Amino acid sequence: MNPSDHDFDAEHDFDEGEEDDNSVEASVWQLLQLINPGDEELALQQFADYRDAVAHQDEEDVDPVEIISRVIDWRSGFVVDGNDTRALVQAIDELASRWNLSIDWNGDPDDDDFHADIDAASLFATAYDRLNEHGYTLWARETDNDSYAGWITLTRDNEPLRELATVLGINMRLGIDVT
């Protein structure tokens, strides 16, 4: 046999978008595994929810980032109003609690004065530093409106997350770099 004998797969009709669709779906699955470290069951559930949501939309209307955001909200990621520092603290605390971690916010987040004197960028930086001490990274995802979004991964997975974010068209930054 020579290489030209197998140049084409005669039993498979190639659909131009097929390779891209598979790589997006594979990338979504990898992303869900990264933002659910140690919890493959939750990643599988979210992936099933993602596939179900995609199946009910026209192919041109599928925005993987928007769907991912919906299927992970408050379980593996968050989106909060940009001015709601209470919700940001609650969201990050909720995610960190999955690994029995609690954030020392350098103050009492239940106190109104705490929120009067702090902004989201400071909260991101504090949480980033505290999580990093335990081998986790807080990420911020760019949104189309005045909100903050993010998730947490193992620090060792920073580079794979950056690569997946690029493939999926997600603008990410480290929590310490939020402005």
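Right above here is the structure, for reference.
Being a predicted model, the structure only gives us computed values, none of them experimental.

Describe empty space enclosed by the protein, naming the residues involved and giving the relevant values.
A water-sized probe rolled over the atoms picks out the places where empty space is left. Taken as a whole and assessed by the stated rule, the structure comprises one cavity of 30 Å³ or more. Taken as a whole, the largest cavity holds about 40 Å³ of empty space. Of all the elements in the fold, those that place two or more residues in the lining of the largest cavity are α3 (64-72), β1 (77-81) and β3 (147-154). The residue makeup of the lining of the largest cavity, split by class, is five nonpolar, three polar and two charged.

Tell me what's going on with the packing of aromatic side chains, and back it up with residues and numbers.
The relation between two aromatic rings is expressed through the spacing of the ring centres and the mutual angle of the planes. Counting across every chain of the model gives four aromatic pairs. Ring centres of W29 and F47 lie 5.3 Å apart, and the angle between their planes is 55°; on these two criteria the pair is classed as tilted. Separated by 18 residues along the polypeptide, W29 in helix α1 (residues 18-34) and F47 in helix α2 (residues 40-55) bring together distant segments of the chain. When sorted by exposure, W29 lands in the same class as F47, which is buried. An aromatic cluster of at least three residues, connected via ring pairs, comprises F78, F124 and Y148.

Please set out the pattern of salt bridges residue by residue, giving values where relevant.
One pass over the full model with this rule turns up six salt bridges. Here D49 ties to R75 by a salt bridge, and the two come within 3.8 Å at their closest N and O atoms. Residue D49 is located in helix α2, and its partner R75 is located in the loop between α3 and β1; the two are separated by 26 residues in the primary sequence. Look at D49 and you get partly exposed, because its relative accessible area is 32%. Between R162 and E159 there is a salt bridge whose closest N-O contact spans 3.9 Å. Of this pair, R162 and E159 both sit in helix α7 (residues 158-168), separated by three residues, roughly a single helical turn. For R162, a relative accessible area of 37% gives the class partly exposed.

Tell me about unusual backbone geometry, and name the residues and values.
Most of the time, phi is negative for any residue but glycine, and the peptide bond is trans. The backbone of W74 shows a phi angle near 65°, a positive value even though the residue is not glycine. Under the relative-accessibility criterion, W74 is labelled partly exposed at 32%. For N106, which is not glycine, the phi torsion reads 60° and is therefore positive.

So, how was this worked out
- Residues numbered from 1 in each chain as written.
- Predicted model: local features only at pLDDT ≥ 70, side-chain atom pairs only at ≥ 80, totals over all residues.
- Heavy atoms only, no water.
- 1 Å grid on protein atoms, 1.4 Å probe; cavity = no way out; pocket = protein on both sides within 12 Å on 5 of 7 lines; lining within 4 Å.
- Points joined across faces, edges and corners; volume = space filled by probe spheres on them.
- Helix = DSSP H or I, 4+ residues; strand = E, 2+ residues; numbered from the N terminus.
- Nonpolar A, V, L, I, M, F, W, Y, C, P; charged D, E, K, R; others polar.
- Phe/Tyr/Trp six-rings, centres within 6.5 Å; stacked < 30°, edge-to-face > 60°.
- Buried < 20%, exposed > 50% of the residue type's maximum accessible area, 1.4 Å probe, protein only.
- Salt bridge = Lys/Arg side-chain N within 4 Å of Asp/Glu carboxyl O.

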